[in-house]
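# An overview of the molecular structure
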Amino acid sequence: MLEKTKIVVFVSGGGTNLQAIIDAAKSGLIKSGEIVGVVSSSPTAYAVERAKKEGIPYTVVSLKECSSRAEFEEKILESTEKYGAELIVLAGFMSILSAEFISRYRDRIINVHPSLIPSFCGKGYYGLNVHKAALEYGVKVTGATVHYVNEIPDGGKIIDQKSVRVSPSDTPESLQKKVMQKCEWIILPRACEKISAMIAKSKKGNIAK
Ligand code: GAR
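Residues numbered from 1 in each chain as written. Predicted model: local features only at pLDDT ≥ 70, side-chain atom pairs only at ≥ 80, totals over all residues. Heavy atoms only, no water.

This part is about the overall build of the chain. Helix and strand counts for the chain stand at six helices and seven strands. Each helix (α) and strand (β) of the chain, taken in turn from the N terminus, gives the series β-α-β-α-β-α-β-α-β-α-β-β-α. On C-alpha atoms alone, the chain measures out to a radius of gyration of 17 Å, which is about the 17 Å that the 2.2 N^0.38 rule sets for 209 residues. The principal-axis extents of the C-alpha atoms in the chain amount to approximately 55 × 45 × 35 Å. Each of the 209 residues in the chain was classed as buried or not, and the buried ones make up 50%. (Helix = DSSP H or I, 4+ residues; strand = E, 2+ residues; numbered from the N terminus. Rg over C-alpha atoms; globule rule 2.2 N^0.38 Å. Buried < 20%, exposed > 50% of the residue type's maximum accessible area, 1.4 Å probe, protein only.)

Okay, here's the thing in structure tokens:
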């Protein structure tokens, strides 16, 4: 039996992507990884309630309550080390991580973004803004991307993408819902399994069955 990869999920909001990962772990779709902790940048994020409900250990590190970004990241790092994170999943995490933090977890951080990168991504493109921009541009197809996190916002290697058609009646809200349901909640758990399996196989002492 392979020892599972320890996944820590970073959140800031509703946590529907966190829920998709939890459900996929329960259904067996994610079999090579286990969620060992949740880190929230907001004390009021509903994602925290989801973690509580599932009995998943969680930590809230609020940027507002830290005297600097460095302190914020130090606290986050303390949590990821405490949980023994081997894979960090940014699931609606609204802070940009520093180069120092990223280098500490090189190729071990993945992110879900609600557009088909390289469209509508990078600084300023997050949450509903992304869908507003897609509608303003008039694209007929949009979607979601899961990618590795590097020093360039939304610039890391693409792991998976899924597309969806934009309909003339779509609003930013309806498009967000559609992209989440038809794209994000499918490709994020799938990527978690793929990368967890890769990490699990590379661990010393793990002998594939
Ligand atoms: C998701 O649509 C996610 O792709 C997006 O925020 C939402 C979080 O929803 N992330 C970004 O825009 C990051 N650039 P959730 O909290 O319900 O998972």
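Time to look at helix α5 (residues 128-137). Looking at α5, one finds that the buried residues are V130, H131, A133 and A134. Down the axis of α5, the buried set is contained in an arc of 160°. They therefore lie on one face. Looking at the buried residues of α5, the elements they touch are β5 (109-113) and α6 (172-202). (Arc of directions from axis to C-beta. Contact = heavy atoms within 4.5 Å.)

Turning our attention to the pattern of salt bridges. Tallying each qualifying case throughout the model produces eleven salt bridges. With a closest N to O distance of 3.1 Å, K75 and E71 form a salt bridge. With a gap of four residues between them, K75 and E71 both fall in helix α3 (residues 69-83), about one helical turn apart. Owing to a relative accessible area of 34%, K75 belongs among the partly exposed residues under this scheme. The exposure class assigned to E71 is partly exposed, which follows from its relative accessible area of 22%. (Salt bridge = Lys/Arg side-chain N within 4 Å of Asp/Glu carboxyl O.)

For the rest of this paragraph, the subject is unusual backbone geometry. Backbone torsion omega between I117 and P118 reads 20°, so that peptide bond is classified as cis. Positive phi values are uncommon outside glycine, yet D107 reaches one of about 60°. Counting through the fold element by element, D107 comes out in the loop between α4 (99-104) and β5. For D107, a relative accessible area of 47% translates into the label partly exposed.

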